Amino acid sequence: MAAVADESVATQEPVIMVAEPIIGPEEKAALCQVIDSGWITMGDRVKTFERSFSEMHGARDCVAVDSCTAGLHLILAALGLGPGDEVLVPAMTFVASVNCVLYVGAKPVFVDIASPEKPLMSLEDAAAKCTSRTKAIILVHFAGYLADRESWQSFATERGLLLIEDAAHAAGLPEAGTYGVAAAFSFYGNKNMTTAEGGTVVAQDPNLLERIRTMRGHGLTSGTFQRVASRDRSYDVTMLGFNYRMDELRAAIGLVQLTKLQGWNDKRKTLTALYRMLLAERCPEVQVPFSMDWRSSYHILPVLLPKGKNRQDVIDQLRSAGIQTTIHYPPAHRFSFYRSLMPGISLPKTEDFADRELTLPLHPRLEEVHLDRITRSLAAALAA
Ligand SMILES: *Cc1c(COP(=O)(O)O)cnc(C)c1O
C-alpha cells in the first residue's frame, strides 16, 4: 500500500489515494513515550489496548496480535481444526481468509456471493457446499457491510459448525465479533484504524481466548512482563505456539487511533451517502452494492461498472485524472496457487462481480470537492 501521494502530471493536483492512514503528532508523541519508557513489547499498553478494544466491541477481553492473518491462524489452531476438516470461505475476499485454513492443514471450500447487490457469502451456495467433513465457516464482512447475523447463526447451529468472523473490514462496529466462536480484526495501514501492522482476536469462550493468548507467545505459561514482575524465571510450554505478539509501540498507536475510530467511521458514512447521491445523478449506469441503511463500517466503496465496459480503460482515465482506484477482489479461486490446489472451481456470481468491480477512494480525509472530482471524472471515463 502506497501512502505517499505523488503529483498527477495531467492536473498538478495531488493524487487522490484510494485509502490513506491518518497518523500524526499524537501517534508520534505516544511512540516517544514508549521509547522513553524503555519497555517496548508486551507491557501495560498492550493490556490497555486490549481492554479498550474489547469495550468498543462489547467483549469481555481480547488478544492483540501482530496481524489479522495471525489472529485467524490462532483461532483455527486453537479450535483444533486440521487435516480432514473443511472450512467454508468466500472467494470474494483477501487471500488471508483462505490461507489461515491451509496453515492448519484443513481444506478451504470456496462459496459464491449472494448477488451483485449483496456481494457477501451466499447461504444457499454454502448449504450446497456442506459435506460430512465441513467443520467451520469463515464469514467476511465485505467492505465493512455486516453479514446477516441470525441467518448465519442458525445455519451454523443447525449443522453443528463453528462460526468464525474475518472482521478485518469492520473495526469499530460493535456487532462485529459477536456472531460466533471468535473473530479477528485488522489494523493494517489501509484499514479503518491502523497500527501499521496489527490485529486482535475476540472470542466468546474465555477458555478459548486464553488458549489463543498462550499460543500467541510460543505456548509459554507466562510472558516476559509477568516473569520480570514476579521475578519468576521459570515457565512451561503446554502447546505448540507461535510468535504473533503485539508490541508496545503498536499498542500506543492503537490507543490513539481507537479514540478517533468512531468519528472516522461516521465520516466514512457521510462520504458514502454523498457518493451514492453523486453517482446516481452523474453515473446512473454504475451500480453501488448494498444500501445506505445496511449496517456498515464503510471500509471501502465498491461499485460495479456496466456490463461490456472496458474496466482497464476506466482505470487508466481515472489515473490520468489523478485518481487512484483498486479492485476488491481478484477472487481467490482464480489465483494460480489456489487453482493448482483446487482446480476447476466455478463461482459465476463472484466472477461477474470481480470482472466489473471498481473501488473508488474512500477515507476520512476526503471532502465533497474530492468526491465531486471523482464522480465527474468517472462519468467522463464512462462516456468516452
Ligand atoms: C486486510 C485483510 C486481512 C489481513 O489483515 P492483516 O492484518 O494484513 O493480516 C484479512 N482479511 C481481509 C478481508 C482483509 O481485508
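Q: It is not clear to me how the site of the ligand should be interpreted in this structure. Could you clarify?
A: Around the ligand sit 16 residues, and of these Thr 69, Asp 166, His 169, Ser 186 and Lys 191 come closest. The separation between an oxygen atom of the ligand and a polar main-chain atom of Cys 68 is 2.9 Å. Lys 191 places a side-chain nitrogen or oxygen 3.4 Å from an oxygen atom of the ligand.

Q: Could you clarify how one ought to interpret the pattern of salt bridges in this entry?
A: Close approach of charged atoms lets side chains of opposite charge pair. In total, this model carries 21 salt bridges according to the counting rule given. Across the salt bridge formed by Glu 248 and Arg 45, the nearest N and O atoms sit 3.5 Å from each other. Of this pair, Glu 248 sits in helix H9 (residues 248-282) while Arg 45 sits in helix H2 (residues 44-56); the two residues are 203 residues apart in sequence, bridging distant segments of the chain. For Arg 45, a relative accessible area of 23% translates into the label partly exposed.

Q: For this particular structure, what's the right way to read helix H1 (residues 25-37)?
A: Note on helix geometry: an α-helix contains 3.6 residues per turn, so any two residues three or four positions apart are oriented the same way. Its 13 residues give H1 an end-to-end C-alpha distance of 18 Å, which sits within 8% of 18 Å, the value for a rise of 1.5 Å per residue. Buried within H1 we find Glu 27, Ala 30 and Val 34. In a view along the axis of H1, the buried residues occupy a sector of 65°, so they form one face of it. The exposed residues of H1 that point more than 90 degrees off its buried face are Pro 25, Lys 28, Gln 33, Ile 35 and Asp 36. Contacts made by the buried residues of H1 are with H2 and H9. Phi turns positive one or two residues past the end of H1, at Gly 38, with a value near 80°.

Q: Sorry, what's going on with the sheet that holds strand E4 (residues 134-140) here?
A: The strand order across the open sheet built from seven strands is E1-E7-E6-E5-E4-E2-E3, with neighbouring strands paired in mixed fashion. Edge positions in the sheet fall to strand E1 (63-65) and strand E3 (107-111), since each of these pairs with one other strand and no more. Pairs of neighbouring strands in the sheet enclose a mean axial angle of 25°, with direction left out of account. Bridge analysis of strand E5 (residues 162-166) against strand E6 (residues 182-186) gives three bridges, and the strand direction is parallel. Paired with Glu 165 across the bridge in E6 is Ala 183. Along the sheet face, helix H3 (residues 68-78) touches E1, E4, E5, E6 and strand E7 (199-203) and points at about 165° away from the line of E6.

Q: Before we go on, may I ask you to explain the packing of aromatic side chains in this structure?
A: In this description, an aromatic ring pair is defined by two values, namely the gap between the centres and the angle between the planes. Taken as a whole and assessed by the stated rule, the structure comprises 12 aromatic pairs. With centroids separated by 5.7 Å and ring planes inclined at 80°, the aromatic side chains of Tyr 145 and Tyr 298 adopt a geometry described as edge-to-face. Taken together, the positions of Tyr 145 in the loop between E4 and helix H6 (149-159) and Tyr 298 in the loop between H9 and strand E8 (301-304) put the pair 153 residues apart, joining distant regions of the chain. Of the two residues, Tyr 145 and Tyr 298, neither departs from the other in class, the shared state being buried. Grouped by ring-pair contacts, the aromatic residues Phe 49, Phe 53, Phe 185 and Phe 187 constitute a single cluster. Lying across the ring of Tyr 179, Arg 149 places its NZ or CZ 5.9 Å from the centre. The side chain of Arg 159 reaches across the aromatic face of Phe 155, ending 3.9 Å from its centre.

Q: Whenever I open this one, the packing of H9 against helix H13 (residues 368-383) confuses me. Can you help?
A: Helix-helix packing is described using two parameters, namely the angle between the two axes and the distance between the axes. Where H9 meets H13, the axes come as close as 10 Å, and the angle between the chain directions of the two elements is 30°. Here H9 runs over H13; the crossing is right-handed. Residues Leu 271, Leu 274, Tyr 275, Leu 278, Leu 279 and Arg 282 of H9 lie in contact with H13, whose contacting residues are Glu 368, Leu 371, Asp 372, Ile 374, Thr 375, Arg 376, Leu 378 and Ala 379. Here the residues of the contact of H9 with H13 sort into nine nonpolar, one polar and four charged.

Criteria and thresholds
- Residues numbered from 1 in each chain as written.
- Predicted model: local features only at pLDDT ≥ 70, side-chain atom pairs only at ≥ 80, totals over all residues.
- Heavy atoms only, no water.
- Near = heavy atom within 4 Å.
- Polar contact = N/O pair within 3.5 Å; in protein donor to acceptor, adjacent residues only side chain to side chain.
- Salt bridge = Lys/Arg side-chain N within 4 Å of Asp/Glu carboxyl O.
- Helix = DSSP H or I, 4+ residues; strand = E, 2+ residues; numbered from the N terminus.
- Buried < 20%, exposed > 50% of the residue type's maximum accessible area, 1.4 Å probe, protein only.
- Expected span 1.5 Å × (residues − 1).
- Arc of directions from axis to C-beta.
- Contact = heavy atoms within 4.5 Å.
- Pairing = 2+ DSSP bridges.
- Axes fitted to C-alpha atoms, helices over the stretch in contact; angles between N-to-C directions.
- Phe/Tyr/Trp six-rings, centres within 6.5 Å; stacked < 30°, edge-to-face > 60°.
- Lys NZ or Arg CZ within 6 Å of the ring centre and 35° of its normal.
- Left-handed = near helix turned anticlockwise from the far one by under 90°.
- Nonpolar A, V, L, I, M, F, W, Y, C, P; charged D, E, K, R; others polar.

These values are about where atoms sit, not about what they do.
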